[in-house]
Amino acid sequence: MKTLVIVSHPYFSQSRVIRALQRTAENADNVTVRNLETIYGDEVATIDVVAEQAAYREAERVVFLYPTHWFNLTPMLKAYLNEVWTYGWAFGTGGTALKNKQLQIVTTAGASEFTYSHDGLLNNTMEEVLTPMRASARYVGMHYCKPLAFYEVASGNQDKVADFQARFATLLAEK
């Protein structure tokens, strides 16, 4: 399956896990990786909408890879969606560019999985935190896949990174 991975991390140089997961995607077959901050820095005005929309053309699956940033997308990924997923291209009159493609969220969180549970501090699961992404996917006609979340990434536990990479590689290899 041809996959487009859109990576966003506001502090990419400090990220162990997102960087490792990006390397996993770069080494996978039939995967194109676009790191928003590497390409555009933090300058929303420089987003090349035509190039970004063209990147979706052959993709059957789109993966957004990012850290959950204050229970939301990263600032650049949100700006990217505002600029790239436009009326008339992604939805609205004649807009079907994303229709029937899969949307897969792969995210990291510094907190534990328990924190992201009904019994934990947030009283919400990660899936519930990601409700706006599910709604966005459905709005543009995409198939929303069950998110893949990696927890406790701030703990510095190196042995978890290899497991995260293996799980992500398995997901990318799925047809």
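Residues numbered from 1 in each chain as written. Predicted model: local features only at pLDDT ≥ 70, side-chain atom pairs only at ≥ 80, totals over all residues. Heavy atoms only, no water.

**Details of the packing of aromatic side chains**
Thinking step 1. Tallied over the entire structure, the rule returns eight aromatic pairs.
Thinking step 2. Aromatic side chains Phe71 and Tyr116 sit 6.2 Å apart centroid to centroid with 55 degrees between the ring planes, which places their arrangement in the tilted category. One end of the pair, Phe71, is in the loop between strand 3 (61-67) and helix 4 (75-84); the other, Tyr116, is in the loop between strand 4 (102-108) and helix 5 (126-129), and 45 residues separate them in sequence.
Thinking step 3. Classification of Tyr116 as buried rests on a relative accessible area of 7%.
Thinking step 4. Clustering of aromatic rings is evident, with ring pairs tying together Trp70, Phe71, Tyr116 and Tyr151. (Phe/Tyr/Trp six-rings, centres within 6.5 Å; stacked < 30°, edge-to-face > 60°. Helix = DSSP H or I, 4+ residues; strand = E, 2+ residues; numbered from the N terminus. Buried < 20%, exposed > 50% of the residue type's maximum accessible area, 1.4 Å probe, protein only.)

**So, helix 1 (residues 17-26)**
Thinking step 1. Counting buried positions along helix 1 gives seven out of ten residues, so the element sits mostly inside the fold.
Thinking step 2. Among the residues of helix 1, Val17, Ile18, Ala20, Leu21, Gln22, Thr24 and Ala25 are the ones counted as buried.
Thinking step 3. Buried residues belonging to helix 1 abut strand 1 (3-7), strand 2 (31-35), strand 3, strand 4, strand 6 (148-150) and helix 7 (158-173). (Contact = heavy atoms within 4.5 Å.)

**Regarding the environment of Ala166**
Thinking step 1. Here Ala166 shows up in helix 7.
Thinking step 2. On the basis of relative accessibility, which here comes to 43%, the residue Ala166 falls in the partly exposed class.

**Regarding the pairing of strand 1**
Thinking step 1. Most of strand 1 is tucked away, with five of its five residues classed as buried.
Thinking step 2. On strand 1, burial covers both faces: Thr3, Val5 and Val7 on one face and Leu4 and Ile6 on the other are all buried.
Thinking step 3. Between the parallel pair strand 1 and strand 2, the chain is carried across by helix 1, and the sense of this crossover is right-handed.
Thinking step 4. Direction of pairing for strand 1 relative to strand 3: parallel, over a ladder of five bridges. Residue pairing across strands places Ile6 opposite Phe64, the latter belonging to strand 3. (Right-handed = clockwise from strand over helix to strand, strands pointing away. Pairing = 2+ DSSP bridges.)

**Focus on the packing of helix 1 against helix 7**
Thinking step 1. One can describe the packing of helix 1 onto helix 7 by two numbers: an axis separation of 9 Å at closest approach and a directional angle of 35 degrees. The interaxial crossing formed by helix 1 with helix 7 has right-handed handedness. Contacts from Val17, Ala20, Leu21, Thr24 and Ala25 of helix 1 reach helix 7 at Val161, Phe164, Gln165, Phe168, Ala169 and Leu172. (Axes fitted to C-alpha atoms, helices over the stretch in contact; angles between N-to-C directions. Left-handed = near helix turned anticlockwise from the far one by under 90°.)

**Brief notes about unusual backbone geometry**
Thinking step 1. The backbone of Phe71 sits at a positive phi, close to 65 degrees, despite the residue not being glycine.
Thinking step 2. A residue is classified by how much of its surface remains accessible, and Phe71, at 40% relative accessible area, is partly exposed.
Thinking step 3. Located in the positive-phi region is Asn123, a residue other than glycine, with phi close to 55 degrees.
Thinking step 4. Position of Asn123 relative to the elements: it lies in the loop between strand 4 and helix 5.
Thinking step 5. What makes Asn123 partly exposed here is its relative accessible area of 46%.

Any functional reading would require information beyond the geometric quantities listed.
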